[in-house]
Amino acid sequence: MRAETTVPDDQTVELNLPSKFGYERIAIGGLAEFAKSVGFSSPRIEDLKTSVAEACINAVQHGNKGKPDARVLVAITFKENTLFISVFDEGGGFKAELKDPNIERIIDNLDPPVGFGVFLMKRLMDEVEFNRTSNHLHEVRMTMKLTG
Amino acid sequence: MNQRPNEVKIESHGDIILLDIHGDVTAFSEPSLNSAYASAKESDPKKIILKFEESAYINSGGIAVLIQVLAQTRRNNQKIGITGLSDHFKKVFNMVGITKFATIYPTRQDALSAMSAVP
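Residues numbered from 1 in each chain as written. Chains lettered and ligands numbered in written order. Predicted model: local features only at pLDDT ≥ 70, side-chain atom pairs only at ≥ 80, totals over all residues.

A. Fine view of the pairing of strand 3 (residues 47-51) of chain B. All names here are of chain B. Counting buried positions over the five residues of strand 3 gives five, a clear majority of the element. Along strand 3, one buried face is formed by Lys-47, Ile-49 and Lys-51 and the opposite face, lined by Ile-48 and Leu-50, is buried too. Pairing geometry for strand 2 (residues 16-22) and strand 3, over five bridges, is parallel. Its bridge partner lying in strand 3, Leu-19 is registered against Leu-50. In this sheet, strand 4 (residues 79-83) lies alongside strand 3 in parallel orientation, the contact comprising five bridges. Note on strand 4: the bridge partner recorded for Leu-50 is Ile-82. (Buried ≥ 20, exposed ≤ 12 C-beta atoms within 10 Å, placed from the backbone. Helix = DSSP H or I, 4+ residues; strand = E, 2+ residues; numbered from the N terminus. Pairing = 2+ DSSP bridges.)

B. Region of interest: the sheet that holds strand 1 (residues 12-18) of chain A. Residue and element names in this part refer to chain A. Taken in spatial order, the five strands of this open sheet run 1-2-3-5-4, and their pairing is antiparallel. Edge positions in the sheet fall to strand 1 and strand 4 (127-132), since each of these pairs with one other strand and no more. Pairwise comparison of adjacent strand axes, ignoring direction, gives a mean angle of 15° for this sheet. Pairing analysis gives six bridges linking strand 4 to strand 5 (residues 138-145), with the strands arranged antiparallel. The residue of strand 5 that forms the bridge with Phe-130 is Val-140. Its contacts with the sheet place helix 2 (residues 42-63) against strand 2 (71-79), strand 3 (82-89) and strand 5, and it is angled at close to 15° to strand 3. (Axes fitted to C-alpha atoms, helices over the stretch in contact; angles between N-to-C directions. Contact = placed C-beta atoms within 7 Å.)

C. Main features of the sheet that holds strand 1 (residues 7-13) of chain B. Residue and element names in this part refer to chain B. The five strands are arranged 1-2-3-4-5 in an open sheet whose pairing can be described as mixed. The open sheet has two free edges, formed respectively by strand 1 and strand 5 (103-104), since each of these has just one partner strand. Of the pairings in the sheet, the one linking strand 1 to strand 2 comprises seven bridges and is antiparallel in character. Its bridge partner lying in strand 2, Ser-12 is registered against Ile-17.

D. Quick look at unusual backbone geometry. All names here are of chain A. Positive phi outside glycine occurs at Glu-80, with the angle close to 50°. On the secondary structure map, Glu-80 appears in the loop between strand 2 and strand 3. Unlike most non-glycine residues, Asn-81 shows phi in positive territory, near 60°. Examined against the element boundaries, Asn-81 turns out to sit in the loop between strand 2 and strand 3. According to the C-beta neighbour criterion, Asn-81 is exposed, with 10 such atoms within 10 Å.

E. Quick look at the interface of chain A and chain B. Taken together, the contact between chain A and chain B spans 19 residues of the former and 21 residues of the latter. The dominant element in the side of chain A that touches chain B, judged by the number of residues it contributes, is helix 2 of chain A, at six residues. Residues that form the side of chain A that touches chain B fall into these classes: ten nonpolar, four polar and five charged. (Nonpolar A, V, L, I, M, F, W, Y, C, P; charged D, E, K, R; others polar.)

See the structure below:
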């Protein structure tokens, strides 16, 4: 499994992970170091970590749907003062246009407690897109601009 | 990668029960947190403080578990305080609306003092 959309250079890092909960910790650890090295502040790095963790969790749960031999690929690139992060899974994609979770309805047992991952990604990152790649992978692509 | 079950220490402070939650909070925390709440409920507390570790990793799975605990506390008319969170997760808890059902305090002592002062 390879991310066709990235150009390998010294501002690009790719991680190929088992599709299992918990491995997103490896991705966010490496991401934090990379983001720190290019100048992101600690609060923004925490935003990045949460967003990428959620994208990986969604890839495992909703994208790869528990397939034992599936993988999750995380590709990180820094160019033009912007961090581009893509999380790829081998699934059919998931409902990216989920309505925001409504905590009152969830507390009252009117809605299931789902949707927080995409909700947080959209609020913590500058941009989030959901794509299908030419090599049939599902991609969540996120960006964060280095400011200040 | 397996997560160890959360260790939750239960403390009694007058009419307040404090649940001191150790470790990361994810979907795998459901048995530990539900068990801790069930134990806490035995003394019929009207006030409960959830204390987290500042270094804890909390993801959407953990948030969903916490919200399910808050649903139970709401049904049982219990006041909930939260403390110990990093600045980032204070922000996240506010974003997802947990602060509509619980008050976040800067420190454990602030939580105990403030909640002791209310009936």
